[in-house]
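Spelled out, the chains give:
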Amino acid sequence: PEFMKAELEQMQKDNDAILLSGKPARAIIKKMIPLGLQVNGNNPYVQLDLEVLPDHSPAFSGTAKAVIAENSIHKYQAGSTVFVKYDLYDNSKVVVDHS
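About the thresholds
- Residues numbered from 1 in each chain as written.
- Predicted model: local features only at pLDDT ≥ 70, side-chain atom pairs only at ≥ 80, totals over all residues.
- Heavy atoms only, no water.
- Salt bridge = Lys/Arg side-chain N within 4 Å of Asp/Glu carboxyl O.
- Helix = DSSP H or I, 4+ residues; strand = E, 2+ residues; numbered from the N terminus.
- Buried < 20%, exposed > 50% of the residue type's maximum accessible area, 1.4 Å probe, protein only.
- Phe/Tyr/Trp six-rings, centres within 6.5 Å; stacked < 30°, edge-to-face > 60°.
- Core = buried A, V, L, I, M, F, W, Y, C linked by side-chain atoms within 4.5 Å.
- Contact = heavy atoms within 4.5 Å.
- 1 Å grid on protein atoms, 1.4 Å probe; cavity = no way out; pocket = protein on both sides within 12 Å on 5 of 7 lines; lining within 4 Å.
- Points joined across faces, edges and corners; volume = space filled by probe spheres on them.
- Nonpolar A, V, L, I, M, F, W, Y, C, P; charged D, E, K, R; others polar.

(A) Spatial organisation of the pattern of salt bridges. As enumerated under the stated definition, the model contains four salt bridges in all. One salt bridge connects Lys-30 with Glu-51, and the closest N-O pair in it is separated by 3.6 Å. Of this pair, Lys-30 sits in strand 1 (residues 23-39) while Glu-51 sits in strand 2 (residues 43-53), placing them 21 residues apart in sequence. Between Lys-93 and Asp-90 there is a salt bridge, with the nearest N and O atoms lying 4.0 Å from each other. Residue Lys-93 is classed as partly exposed on the basis of its relative accessible area, which comes to 40%.

(B) View of the packing of aromatic side chains. Inspection of the entire model under this criterion finds one aromatic pair. Between Phe-60 and Tyr-86, the aromatic rings sit 5.2 Å apart at their centres with planes inclined by 75 degrees, giving edge-to-face as the arrangement. In this pair, Phe-60 sits in strand 3 (residues 60-67) while Tyr-86 sits in strand 4 (residues 81-87), placing the two residues 26 residues apart along the sequence. Take Phe-60 and Tyr-86: they sit in the same class, and that class is buried.

(C) Fine view of unusual backbone geometry. A positive phi angle, near 45 degrees, is found at Asn-40, a position not held by glycine. Topologically, Asn-40 is positioned in the loop between strand 1 and strand 2. Taking relative accessible area as the criterion, Asn-40 reaches 75% and is therefore assigned exposed.

(D) Just the nonpolar core, in detail. Ranked by size, the top nonpolar core spans 16 residues in total, and within it Leu-48, Leu-50, Val-52, Tyr-76, Val-82, Val-84 and Val-94 carry the most contacts. Elements that contribute at least two residues to this core include exactly strand 1, strand 2, strand 3, strand 4 and strand 5 (90-96). Not counting residues within four places of it along the chain, the set of residues in contact with Val-82 comprises Ala-25, Arg-26, Ala-27, Ile-29, Leu-50, Lys-75 and Tyr-76. Core analysis: the next-biggest nonpolar cluster, separate from the first, contains six residues, Leu-8, Met-11, Leu-37 and Val-39 among them.

(E) Up close: the layout of surface pockets. When its volume is computed, the largest pocket comes out at roughly 200 Å³. Along the walls of the largest pocket sit 14 residues, with Met-11, Asp-14, Asn-15, Lys-65 and Val-94 positioned nearest its centre. At the level of secondary structure, the elements contributing two or more residues to the lining of the largest pocket comprise helix 1 (2-21), strand 3 and strand 5. Per element, the largest residue contribution to the lining of the largest pocket is six residues, and it comes from helix 1. When its residues are assigned to classes, the lining of the largest pocket shows six nonpolar, four polar and four charged.

As structure tokens, this is what we get:
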């Protein structure tokens, strides 16, 4: 659907900005929620509820939306650790750092 394409494009723009200037951290996945959309085949668009663990700051809860490669879904289960970047000025903005 067209509105999902627009949402995905906006998410990508927002994510790219945070990946450039955001602060890196580890995060523990509390929950993965499929958003009912597959991208470029069977790669699910998901929301990740995260516990973000910055090195020199208190942990905080965050949410990231991401498209996950079908063969990597097992890496994004509850309890798994991922690397993220977050906006220093608005830590509700969290992005999974796939690099």
